Structures are given as C-alpha cells and as structure tokens.
Amino acid sequence: MMNQPASSRSAAMIAVAVLAIIALAVPRLAPNEFILSILGFAMIYAMLAASWDLLIGFAGLVSFGHAGFFGLGGYAAALATYHFGLSPWLGLPIGGLAGGVFGILIGIPTLRLRAVYLALATLAFAESLRIIATNWHDLTRGSLGFNLHPTFFRLSGEAANSYYVVLLVSSLSIAVIYYIARHTSLGMTFQAVRDDELRARSLGIDVVRHKIAAFALSGFFAGVAGALYAHYLGLISPSELGPATTMLVVAMSTIGGIGTIIGPALAAIVLYLASELLRMIGSTYGQVAIGALLIFFVILFPEGVAGWLSRQRASWRNKRKT
Amino acid sequence: MPILEVSGIGKRYGGIVAVEDVSFKVKRGIATGLIGPNGAGKTTVFDMLTGMQRADRGSIRFEGQTITNLASHKISRLGIGRTFQSVRVFGNLSVLENLNIAEANSAAPARHGATDRVHRALALVEMEEHAGKPAGALSYGQRKLVELAMVLVQEPRLIMLDEPVAGVNPGLVERLSDILRRLIDSGISLLLVEHNIRFVTGLCDHIVVLAAARMLADGTPEEIMRNPDVLEAFLGSDH
Ligand SMILES: Nc1ncnc2c1ncn2[C@@H]1O[C@H](COP(=O)(O)OP(=O)(O)OP(=O)(O)O)[C@@H](O)[C@H]1O
Ligand SMILES: [Mg+2]
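Below, the structure is looked at part by part.

Conventions and cut-offs
- Residues numbered from 1 in each chain as written.
- Chains lettered and ligands numbered in written order.
- Predicted model: local features only at pLDDT ≥ 70, side-chain atom pairs only at ≥ 80, totals over all residues.
- Heavy atoms only, no water.
- Pairing = 2+ DSSP bridges.
- Helix = DSSP H or I, 4+ residues; strand = E, 2+ residues; numbered from the N terminus.
- Axes fitted to C-alpha atoms, helices over the stretch in contact; angles between N-to-C directions.
- Contact = heavy atoms within 4.5 Å.
- Buried < 20%, exposed > 50% of the residue type's maximum accessible area, 1.4 Å probe, protein only.
- Expected span 1.5 Å × (residues − 1).
- Near = heavy atom within 4 Å.
- Polar contact = N/O pair within 3.5 Å; in protein donor to acceptor, adjacent residues only side chain to side chain.
- Areas by Shrake-Rupley, 256 points an atom, 1.4 Å probe, with all protein chains shown as cover.
- Core = buried A, V, L, I, M, F, W, Y, C linked by side-chain atoms within 4.5 Å.
- Salt bridge = Lys/Arg side-chain N within 4 Å of Asp/Glu carboxyl O.
- Donors = N, O, S within 2.8 Å, 3.2 Å for Na, K, Ca; no water.
- Buried area = accessible area lost by both parts, 1.4 Å probe.
- Nonpolar A, V, L, I, M, F, W, Y, C, P; charged D, E, K, R; others polar.
- Phe/Tyr/Trp six-rings, centres within 6.5 Å; stacked < 30°, edge-to-face > 60°.
- Lys NZ or Arg CZ within 6 Å of the ring centre and 35° of its normal.

1. As for the sheet that holds strand S3 (residues 31-35) of chain B
Residue and element names in this part refer to chain B. Here we have six strands laid out as an open sheet, ordered S6-S7-S8-S3-S9-S10, and mixed in their pairing. The strands lining the two open edges of the sheet, one partner per strand, are strand S6 (80-82) and strand S10 (214-219). Across the sheet, the mean angle separating the axes of adjacent strands is 15 degrees when strand polarity is ignored. Direction of pairing for strand S9 (residues 206-211) relative to S10: antiparallel, over a ladder of five bridges. By the bridge assignment for S10, Val-208 is matched with Asp-218. The sheet contacts of helix H2 (residues 72-79) involve S6 and strand S7 (158-162), and relative to S6 the element is tilted by about 110 degrees.

Now the structure itself:
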C-alpha cells in the first residue's frame, strides 16, 4: 500500500527475500526432479491465482472460466511451437496473447451481466473450449492431450534449469500483477469501477473500456501461466480446461485473501503442495480435503488469511498507539 | 454566450413524468440555483445533463457543443463535474486515492504536477490530515468535502452540486459557502440544487424554479422571492 508504515513494508521485504532465497536454493538442497516439478507447478498456480485476483479483487469481475484462459494459453503455446517450429520461449507471449484476446472476446458480450450471470457465462466459455479441445482431434489429439511440442530444456537432467525458468517467469508475473493492481492509476481505476460505477463514470472513467482491459490483462497472465505449464509438463490436455482447475484457483484465492494478489499466490503454493502430499499419501479424497479446507477457511477467515493478517496488524498498531 | 443551454428537455419513468419541457441557461462565471419542492425533477435534470439518464426529448449544449445523451464519461471530460445528492466516494479507498483516481481520469491529467493539484484540492477543503483514511470511515460532512475535492481536482469549468449542504452542520454550511464563493471568484460556473434557500440566495445570481416536473420561474433571486407562484409552490409543499 502507498501509505503503509515503513516497518511493515520492510517486514514484507524481508519475507519476500527469505522466500526468494529458499526458492533459489531448493535445487541445491533437494536435487530431486519430483520435488522440483511439484514446486514449479505450485508457482504456476500461484501466478494463475494472482491473475484471477486481479479480475475479481480489483475490477470486481467474477470469472468461473479461468481454466479457459489457462488451457487456451497452454494449447496456443504448444500448437504454435509445434506447427510453426517456433522457439518454446516464444510460446510464452503467444500463450499470453491468446489469453488476452480471449479475455477481450469474453469481456465484450458479458460486461453488462451481473455477478452470478457473469460467472455462468465465463464457465460456459471455458467449457466450450474444453469440448473443442476434446473433439478437434486433428489439431489437439483429443482427450489424450498434446505432447509433441519441444519444451525449454529437452535433455533429461535439466530439471533445475526448467524450475528456474518457471520460478523467474511466475514470480516476475506476480510482481507485475501486484504492481499494476496496487501502484498504477489503471489499478486504482479498476477499484473505482468496482466500488461505484456511477461515480466512476461521472469522473470521466470509461467503465466499459476498463472492464475489458481487466479481462484482457487477467487473461494475458492466465494465458502465460498456461503456456508455462504446457512447456514445463510437456503436455497440455483438455482436463486442464475443466472446472476443477478453476475451482482450485477460486479456492486458493479465497483462502489467501481476495484483493491482495500476494495472498492468493501464497495460498496457491501451500494448497497445491498440500494436495500433492495428499495424493502421495494415497488419499483418494484429495478433492474432498480441499473442499473441506475451503469451507473451514471461509467460515474462520471470511476475508482470507491476508485480509485477516492485515486487520490483526492494524488493531495491534492501534493498541500500541493508545 | 452561456456556458450551458438546456432547451425543452423531458423525461418519463414509465408512467411518471419526472421532467417536462424544461429550458434554462447557465451563465458563465456565476452560480445558478435550481430549486423546487421534493420530487420536482431537479436530480433528474442533473442526470440528463451529465448523461446518467437519457433525455426523451430536447437538447443540451455545453459551450456551444451539443452534448445531449452523450456518454457520461465523455461529458465529464468536456469539463463538467458533479456531486451526488447521496454523497458518492470510493469508500474502500483512502481519501488520497480517491483524489488520485479523479486526477488521473481528468480531461488533462498533469504529467508532473499531479500531486500538487491533489494537495491544492485537499487544502481547499481542509482535509489534508485525513488523506490516509479510508473515505468510507469519514463522517457524512467530511465525505461531502472529499467528493467536492474529487470534482475540483479535475478542474472542470462547470460544477453541478446536488444538495451540497443537506444534512451537514451549520459550521460546515458556512465553510462550504466560503469554498463555493472562492470557486465563483476564480471563474468557475456553478449549477446548484439546494433546499436551503438562504444558502442559494447567498451564492446565486440567477435562480431557476421547477415544480411538478415543469419550469415555474426563472430570474434573479429578488424576482424569484417576489413571485407569487413560487411562494405558493413552496408553501404548498413541506417548505
Ligand atoms: N430512477 C427512477 N425511476 C422511477 N422514477 C424516478 C426515478 N428517479 C426519479 N424518479 C421520479 O421522478 C420524479 C422526480 O425525481 P427527482 O429525484 O428528479 O426529484 P428532485 O427534485 O431531485 O427531488 P428531491 O428534492 O427529493 O431530491 C419523482 O417523482 C421521482 O419519484
Ligand atoms: Mg434530488
């Protein structure tokens, strides 16, 4: 926040620095391909959750079709790399562009819809993409998924390098999303539109254009996340476009604290690692556990963990003042 | 040339005639009052002038340019600012953020002097010490001041105020009167809806009276106060 006291800002800086050092050191501490790949996917989900939060937490627009942006970005990156022989690096901006353009295409017809209807419409968009990906066999190889595209580091034994790529791209993207949301007049204007459209319009704000911009930006970062996923895993399949992906993102962001960007990103990492752990233990009830966790957090921390923390900090500061 | 020319505008909500054939002019550099009993159609006139409601008929010209039914954000960018009868600020954002948003979306946002502009507006309404507070946490009167500062920071040439002193304490009425007087002196044109007649006659050189959706009178404060139709319209209501 702009007017945060210096002490809490430096505390946040220290926390970020510690996290960064740990993240950078993991390949040395635990040179285990499996651990690295799980951490990489957690980072990708963190980025996806942050992109969702930009849309709902700042522009006030509900998307239940975020898997659509994610999967579309993944397919666009994989197919473009394969069919046009492009470098996998170019897949990232291509995936982002696909997500961004799709965001505009979804945004325009659905802008006048209110929350529930917007949620349903975006869900329907994502579902139609999933059906196309499943049935357009010649292009996507159907439900098996697409895995013919070259990825960043093809040789085995380069897990650490791939991990660093994912770490770099996702943390950079989360930082950019945070910066846009909290420190630019665009991000401020999104919040104005979210809080009071009429007031916004009377201040000269083109509400429609800003909503479309929010969809485009959110779709862009979700698309980059999808592209990163397709290249990191070497596979993109229709199931990534499904509602389970979206629900995971919604749960992560809600638990982390909508409207904070960092909260959803951190919650995504924790939740993803937890769900993988459950799977390793052999629990078939992983989804159920995530659902139960979501209910638990929504009841105990209705503003998310980040919201709860900032309220605790504020009341602690007030107490100290008096 | 008047800054605003309203000719024959009308508005119906279903079967309700909210405004019928209203015409008046707002002169540059003075305050014009728009008065009338509750439900006379004053706010509806404001909503049509700022593009928030479509006019069913008639035309509106601002500085010679037709703005009838133009999108409200475009009207705002031409140089018309307004406040709302039920004060509207962005409650989740700080006072400073509210002003920054207004500044960034004004017709000509300052490239470098943005913070100067924002602080001048804050100083004018004497709200500097509240800059970091969430606007939603302020008192009603303070939110009215923030709302006015948001309009001022955009440097509009015409400011429309919908009941600026309704529900505020007498001290603040005085302060608002001073602030508006200073705006007029600096060349800004005002259009003012207000039930506090003393406040209106103290500031306005010209008054337009609406009653039951129609124009009742139009003249100097002296002419209006002497007009028997006006007296009857107001005595006939709860004023
Ligand atoms: N959105 C709306 N839908 C239906 N009727 C409306 C709407 N807005 C206003 N009206 C009606 O139009 C008429 C004029 O209302 P308006 O708010 O313009 O009056 P006003 O002069 O501003 O009154 P007040 O002094 O109470 O603010 C009233 O009869 C009101 O009930
Ligand atoms: Mg009114």
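2. Quick word on helix H1 (residues 42-49) of chain B
Residues and elements named next belong to chain B. Of all eight residues that make up H1, seven are buried, and the element is covered over most of its length. For H1, the complete set of buried residues consists of Lys-42, Thr-44, Val-45, Phe-46, Asp-47, Met-48 and Leu-49. Taken from the residues just after H1, Gly-51 is the one with a positive phi, measuring 75 degrees.

3. Brief notes about helix H3 (residues 66-83) of chain A
All names here are of chain A. The terminal C-alpha atoms of H3 lie 26 Å apart, and with 18 residues this matches the ideal 26 Å at 1.5 Å per residue to within 8%. Taking burial as the measure, the 18 residues of H3 include 15 buried ones, the bulk of the element. Phi turns positive one or two residues past the end of H3, at Gly-85, with a value near 60 degrees.

4. Brief notes about the sheet that holds strand S2 (residues 16-26) of chain B
Residues and elements named next belong to chain B. Strand order in the open sheet formed by four strands is S2-S1-S4-S5, and the pairing between neighbours is antiparallel. Each having just a single partner strand, S2 and strand S5 (65-66) make up the two edges of the open sheet. Of the strand pairs in this sheet, strand S1 (residues 4-13) and strand S4 (residues 57-62) are connected by five bridges, and their pairing is antiparallel. Pairing of Ser-7 across the sheet is with Ser-59, part of S4. Helix-sheet contacts for H1 involve S1, S2 and S4, and the interaxial angle to S1 is about 115 degrees.

5. What to know about unusual backbone geometry
In most cases, non-glycine residues show a negative phi, while peptide bonds are predominantly trans. Residues and elements named next belong to chain B. Even without glycine at this site, Asn-69 takes up a positive phi of about 55 degrees. Mapped onto the elements, Asn-69 comes out in the loop between S5 and H2. Its relative accessible area of 25% is what places Asn-69 among the partly exposed residues.

6. Some details on the site of ligand 1
Residues and elements named next belong to chain B. The immediate surroundings of ligand 1 are formed by Tyr-13, Ala-18, Asn-38, Gly-39, Ala-40, Gly-41, Lys-42, Thr-43, Thr-44, Gln-85, Glu-163 and His-195. Measuring from an oxygen atom of ligand 1, one finds a side-chain N or O atom of Thr-43 at 2.8 Å. Note that an oxygen atom of ligand 1 is positioned 2.9 Å from one of the side-chain N or O atoms of His-195. In isolation ligand 1 exposes 630 Å². Once the protein is present, 65% of that is buried. In terms of residue count, the dominant contributor to the shell around ligand 1 is H1 (three residues).

7. Observations regarding the nonpolar core
One broad trend across soluble globular proteins is that nonpolar side chains are buried collectively. Counting residues in hydrophobic clusters, the biggest one holds 75 residues, and the most contacted among them are Ile-44, Tyr-45, Tyr-163, Leu-228 and Ile-261 of chain A. The leading source of residues in this core is helix H2 (residues 33-58) of chain A, at 18 residues. Other than its neighbours up to four places away in sequence, Tyr-45 of chain A contacts Thr-245, Leu-248, Val-249, Met-252, Ala-268 and Tyr-272 of chain A. Among the nonpolar cores identified, the runner-up in size contains 57 residues, and Ala-200 of chain A together with Leu-93, Ala-121 and Met-127 of chain B belong to it.

8. Topic: the pattern of salt bridges
Under the defined criterion, the tally for this structure stands at 12 salt bridges over all chains. A salt bridge links Arg-130 of chain A to Glu-127 of chain A; the nearest nitrogen and oxygen atoms lie 3.0 Å apart. Linking Arg-130 of chain A with Glu-127 of chain A, this pair stays in helix H5 (residues 115-135), spanning three residues, or about one helical turn. By relative accessible area, which is 27% here, Arg-130 of chain A ends up partly exposed. For Glu-127 of chain A, a relative accessible area of 22% puts it in the partly exposed group. Close ionic contact of Arg-157 of chain B with Glu-63 of chain B constitutes a salt bridge, the shortest N to O distance being 2.7 Å. Note that Arg-157 of chain B is positioned in the loop between helix H5 (140-152) and S7 and Glu-63 of chain B in the loop between S4 and S5, a separation of 94 residues in sequence. Judged by its relative accessible area of 36%, Arg-157 of chain B is partly exposed. Residue classification places Glu-63 of chain B among the partly exposed positions, given a relative accessible area of 25%.

9. Focus: the coordination of the magnesium ion (ligand 2)
Residues and elements named next belong to chain B. Coordination of the magnesium ion (ligand 2) by the protein comes from Thr-43 (OG1) and Gln-85 (OE1), over a distance range of 1.9 to 2.1 Å. Of this pair, Thr-43 sits in helix H1 while Gln-85 sits in the loop between S6 and helix H3 (95-104); the two residues are 42 residues apart in sequence, bridging distant segments of the chain. Among the residues examined, Thr-43 registers a relative accessible area of 25% and is labelled partly exposed.

10. Structural notes on the interface of chain A and chain B
Opposite the 19 residues of chain A that make contact, chain B presents 25 residues. Between chain A and chain B, roughly 2000 Å² of surface is buried when both sides are summed, and carbon and sulfur atoms account for 57% of that area. Taken as a group, Arg-199, Arg-201 and Leu-203 of chain A account for 32% of the area that chain A buries against chain B, more than any other trio of residues on that side. A salt bridge links Arg-88 of chain B to Asp-196 of chain A, with the nearest nitrogen and oxygen atoms 2.7 Å apart. For the side of chain A that touches chain B, the element with the highest residue contribution is helix H8 (residues 185-195) of chain A, accounting for seven residues. Grouping the amino acids of the side of chain A that touches chain B by side-chain chemistry returns six nonpolar, seven polar and six charged.

11. What to know about the packing of aromatic side chains
Counted by the stated rule, this structure contains 10 aromatic pairs over all chains. With a centroid separation of 5.2 Å and an interplanar angle of 85 degrees, the aromatic rings of Phe-220 of chain A and Phe-221 of chain A are classed as edge-to-face. With a relative accessible area of 28%, Phe-220 of chain A lands in the partly exposed category. The buried category is assigned to Phe-221 of chain A, whose relative accessible area is 7%. Positioned over the ring face of Phe-84 of chain B is Arg-82 of chain B, at 4.2 Å from the centre of the ring. The side chain of Arg-88 of chain B reaches across the aromatic face of Phe-84 of chain B, ending 5.3 Å from its centre.

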